[in-house]
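# Close look at the chain arrangement
Below are the chains, spelled out letter by letter.
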Amino acid sequence: MTITQGILLPLIWVMTLANLPEKPDSFPTEHPPKENSGLFLETLTKKHENPPALPVLDLAMKGYEKLEDDLKLPILTIIDFSLPSTEKRLWIIDVEHQEILLHTVVSHGRNSGMLMAEKFSNRPESYQSSLGFYQTAETYQGKHGYSLRLDGLEKGFNDQARNRAIVIHGADYAREEVAKMSGRLGRSLGCPAVPSEISKEVIDLIKGGSLLFIYGNDPDYLNHSGFFRG
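## Concerning the packing of helix 2 (residues 37-47) against helix 3 (residues 54-67)
Orientation of helix 2 relative to helix 3, taken along the N-to-C sense of each, is 120°, at an axis distance of 9 Å. Between helix 2 and helix 3 lies a crossing whose hand is right-handed. In this structure, helix 2 uses S37, G38, F40, L41 and L44 to contact helix 3, whose residues at the interface are L54, L57, D58 and M61. Broken down by class, the residue content of the contact of helix 2 with helix 3 amounts to six nonpolar, two polar and one charged.

Written out as structure tokens, the structure is:
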């Protein structure tokens, strides 16, 4: 090899490297994944006693992530009807700040069961609770006083909520004192009724475009809800 060749070859190599194309814009950009439900639950547990069970929270967060862009408030309300009515089974969660804002008892429909909610329906006049995701809507004054309308988001499971007048309202039969005396809460006509003394607080926290998820031990719902398939 001549001296000229010895100089030219490294020079060509350097120029080639300098002219290599940059990483194409079409390559996927790495983004940190959203906090998963397990870590979210861990955070809630550090701040609060008795957060929702992980399987229920996980389902609720799947729906929240799909609907997040359509919500007006970063608030997720979870009702776990796999628990008896004597337990606090409603949580209002500020997802953005990872805080439980309120935790209370809630009634189920009279034809869904006694202590436990075991049957669910979307049918008018069934007097049963309906499972699935709802968006909270406007408030009004009705026969139960200050109440909150709900729009069911799942066809076949809760999309008759408006027609059935399924709303959040306060009720004296939904107070913890009733459960202590009779061994269970009183039951509604299908509405998730909360203690009358805190109903205004509940409604004001979630009204106007937040997400509500009602869970129950119902294989038909879990197997056919569009939120958990695919």
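## Things to note about the packing of aromatic side chains
Enumeration over the complete set of coordinates arrives at seven aromatic pairs. Between F157 and Y221, the aromatic rings sit 5.1 Å apart at their centres with planes inclined by 85°, giving edge-to-face as the arrangement. Linking F157 in the loop between strand 5 (145-152) and helix 4 (161-164) with Y221 in helix 7 (residues 219-224), this pair joins segments that are 64 residues apart in sequence. Among the residues examined, Y221 registers a relative accessible area of 0% and is labelled buried. For the ring pair Y221 and F228, a centre distance of 5.9 Å and an interplane angle of 90° mean the geometry is edge-to-face. Taken together, the aromatic side chains of F133, F157, F213, Y215, Y221, F227 and F228 make up a single cluster linked through ring pairs. When the ring centre of Y127 is taken as reference, the NZ or CZ atom of R110 above it lies at 5.7 Å. It is R149 that lies over the ring of Y140; its NZ or CZ is 3.9 Å from the centre.

## Section: the pattern of salt bridges
In this structure the tally under the stated criterion is ten salt bridges. Across the pair K46 and E42 runs a salt bridge whose closest N-O atoms are separated by 3.6 Å. Here E42 and K46 lie together in helix 2, a separation of four residues that amounts to about one turn. For K200, the salt bridge identified is with D204, shortest N-O distance 2.6 Å. Linking K200 with D204, this pair stays in helix 6 (residues 199-206), spanning four residues, or about one helical turn. Relative accessible area serves as the criterion here: at 51%, K200 is assigned to the exposed category.

## Quick look at the sheet that holds strand 2 (residues 90-94)
The strand order across the open sheet built from eight strands is 3-2-1-8-4-5-6-7, with neighbouring strands paired in mixed fashion. Each end of this open sheet is capped by a strand with a single partner; those strands are strand 3 (99-104) and strand 7 (193-195). Each strand of the sheet is rotated relative to its neighbour by a mean of 30°, with strand direction disregarded. Across seven bridges, the pairing between strand 4 (residues 132-142) and strand 5 is antiparallel. Residue pairing in the sheet places Q135 in a bridge with D151 of strand 5.

## Some remarks on helix 6
Turning to helix 6, its buried residues number three or more, namely S199, V202, I203 and I206. On an axial view of helix 6, the arc spanned by its buried residues comes to 95°, and they lie on one face. With its phi angle positive at about 80°, G208 sits one or two positions after the end of helix 6.

## Looking at unusual backbone geometry
Of note in this structure, N50 is not a glycine but carries a positive phi near 55°. Summarising the element assignment, N50 is placed in the loop between helix 2 and helix 3. You will see that A165, though not glycine, has its phi angle at about 60°, which is positive. For A165, a relative accessible area of 41% corresponds to the partly exposed category.

## So, helix 2
The complete set of buried residues in helix 2 reads S37, F40, L41, T43 and L44. Down the axis of helix 2, the sector holding all buried residues measures 160°, keeping them to one side. Tucked inside the fold, the buried residues of helix 2 contact helix 3, strand 2 and strand 3.

Conventions used here
- Position numbers for residues count from 1 along each chain, tracking the sequence in the order it is written.
- This being a predicted model, a pLDDT of at least 70 is required before a residue's local features are given, and a value of 80 or more before pairs of side-chain atoms are given or counted; all residues contribute to the totals for chains, interfaces and linings.
- With hydrogens and water set aside, each side-chain value is computed from the structure's full complement of heavy atoms.
- Axes here mean lines fitted to C-alpha atoms, for a helix over just the part in contact, with angles spanning 0 to 180 degrees between N-to-C directions.
- Numbering of helices and strands starts at the N terminus; helices are DSSP runs of H or I of at least 4 residues and strands are runs of E of at least 2.
- In this scheme, a crossing is called left-handed if the near helix is turned counterclockwise away from the far one by less than a right angle; it is called right-handed if the turn is clockwise.
- We call two residues in contact when some of their heavy atoms are within 4.5 Å.
- Only Asp, Glu, Lys and Arg are considered charged in this grouping, and only Ala, Val, Leu, Ile, Met, Phe, Trp, Tyr, Cys and Pro are considered nonpolar; every other residue, Gly among them, is considered polar.
- Between 30 and 60 degrees the pair is tilted, below 30 it is stacked and above 60 it is edge-to-face, where a pair is any two Phe, Tyr or Trp rings, Trp via its six-membered ring, whose centres lie within 6.5 Å.
- Exposure classes here rest on a 1.4 Å probe applied to the protein chains alone. A residue is buried below 20% of its type maximum, exposed above 50%, and partly exposed in between.
- A ring is scored as having a charge over it whenever the NZ atom of a lysine or the CZ atom of an arginine sits within 6 Å of its centre and within 35 degrees of its normal.
- What counts as a salt bridge is simple: a side-chain nitrogen of Lys or Arg found within 4 Å of a carboxyl oxygen of Asp or Glu.
- DSSP bridges decide pairing: two strands pair if at least two such bridges lie between them.
- In this description, one arc is meant: the one made by directions from the helix axis to the C-beta atoms.

Function cannot be inferred from these measures alone, as they are strictly geometric.
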